[in-house]
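Structure at a glance
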Amino acid sequence: MNLLEDGAFIDARAKGEYVRLGIACLLVAFMNAHATLLSVVLARNGQSLGSIGVIISSIAAPVIFFALISGEVAARLGVLATLRLAMALTIVGVASFQITRTTFYGAVCSRILQGAGQGLFLASVVTYTQSRLTARRMLFLLGLLISVLPLSQALAPPFGEWIIDRWGDGFLFALVAAPALVGLALTFTLRPLERAPRTEGLALMQAIGQARPVPLFAVFVNGALFGFCTAYMAAALRERGVPMAAFFTASTVTLFASRALAVGGLEDVARFRLVASGLATQGVAFVCVALAGSNPWLVALGGVLFGMGYSVTYPVLTAWVSDGLEASRRAGPQALLNACFNVGLYAMPLPETWSIARLGFSGTMGVLALLAVVSAAGVMASGLRK
């Protein structure tokens, strides 16, 4: 089967735009994925655990705010212009850590800039991608493109660890920002979308919030699990002397393979069943890593399970909230969905910091595993009742 079959795209040019957008997203995500090493870099520069938690979580407010208004911004500027703005802000935020990583308030400012870009980014990517696709292969190809974002997790942490161990963090952030500039340039080869009315995005967000609380809660939990991986998994593995590739490469390769080979066959499975199974699998993955100690093979097993679970959950949720909507009307629901995801992804590292201080990395992973399994049971029960 041709993964990029012509009948899956709105026209002949859309296939090339889909591919170029995927490359652009990968290059920007590769830069952004070095945030997994931020706790390590900040500790090397004398920041305390409490300060590190505040710095990492300071991204939450701008991410959530800009995610919530991303539909309105897209209506005013256009989806493609919003995507370019998101990339530019993210690049400036990450690259500025080259200067600000040694000071608390400077690092917070960099994190806020990064957060503004991240808040606008994901909804813009999803909305533009959906506009290039027909309903025939929507879930499969949307999931495939989204998977290039966490694919960078297989590359960035081992690369960043290699740079730090040999040359320190003196030029890490400037180095990784260079490919992201190429990704930004690629977006100027894409066609813009028709703009939706400015009020439509916010109205749809309110409607989704009232009508679909279960998927919104599920995406929050999904974000909290992924947020621990991006904020503290690198530090947890270094504490045990386990190579970062044991988790990050295993999880990301599995994620990409699952979306490429399996998700396309799940188009007709009930959304709630897929989401519940994805959350439960991620919970089991955290249990494996928590119990692994310094055993890299058990950590890798946890990475494989996490990749399997995450590969299903997020693309299903993005498709769920956009079912039945025209391409130009999807920015609002995607904005609310991604705001909830970002609450988990960027706000939860602060309470996770408190948990780490009391329970350690393994204890905190156990708490998150319990949250995932209980949430999966709730999603399944809600779906079965309906």
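As shown above, the structure is provided for reference.
Each residue is numbered by its place in its chain's sequence as written, counting from 1. A pLDDT threshold of at least 70 governs which residues receive local features in this predicted model, and a stricter bar of 80 or more applies before side-chain atom pairs are shown or counted, although totals over entire chains, interfaces and linings include all residues. As a rule here, side-chain values come from all non-hydrogen atoms in the structure, and water together with hydrogens is ignored.

1. Concerning empty space enclosed by the protein
Detection works on a 1 Å grid of protein atoms alone, calling trapped sets that fit a 1.4 Å probe cavities and calling open sets with protein on both sides within 12 Å along at least five of seven lines pockets, with lining residues defined by an atom within 4 Å of a point. Grid points are joined across faces, edges and corners, and a volume is the space filled by probe spheres set on the points. Evaluated as defined, the whole model comprises three cavities of 30 Å³ or more. The calculated volume of the largest cavity comes to roughly 480 Å³. Lining the largest cavity are 29 residues, with Asn32, Gln118, Phe226, Leu345 and Tyr346 positioned closest to its centre. Put simply, DSSP H or I for four residues or longer makes a helix, DSSP E for two residues or longer makes a strand, and each gets a number counted from the N terminus. Considering every element that reaches the lining of the largest cavity, the biggest residue donor is helix H7 (residues 104–132), with five residues. Charged means Asp, Glu, Lys or Arg here, nonpolar means Ala, Val, Leu, Ile, Met, Phe, Trp, Tyr, Cys or Pro, and polar covers whatever is left, Gly included. When grouped by side-chain class, the residues that make up the lining of the largest cavity number 19 nonpolar, nine polar and one charged.

2. A look at the pattern of salt bridges
One side chain can pair with another of opposite charge once the charged atoms of both are near each other. Here, a salt bridge means any side-chain nitrogen of Lys or Arg that lies within 4 Å of a carboxyl oxygen of Asp or Glu. Applying the stated rule across the entire model yields three salt bridges. When the shortest N-O distance is used, the salt bridge between Arg191 and Asp11 registers 3.0 Å. With Arg191 in the loop between helix H10 (172–186) and helix H11 (198–211) and Asp11 in the segment before helix H1 (12–32), this pair connects stretches of sequence that are 180 residues apart. By relative accessible area, Asp11 is classed as partly exposed at 31%. Each residue is placed in one exposure class: buried if its accessible area under a 1.4 Å probe, protein chains only, is under 20% of its type's maximum, exposed if it is over 50%, and partly exposed if it falls in between.

3. As for the nonpolar core
As used in this record, nonpolar core signifies buried Ala, Val, Leu, Ile, Met, Phe, Trp, Tyr and Cys residues forming a set joined through side-chain atoms within 4.5 Å. Ranked by size, the top nonpolar core spans 117 residues in total, and within it Phe228, Met233, Phe247, Phe286 and Phe306 carry the most contacts. Per-element accounting of this core gives the leading share, 15 residues, to helix H12 (residues 213–240). Not counting residues up to four positions away in its chain, the partners in contact with Met233 are Phe228, Phe247, Phe248, Val289 and Met365. Whether two residues are in contact is decided by their heavy atoms, any of which lying within 4.5 Å being enough.

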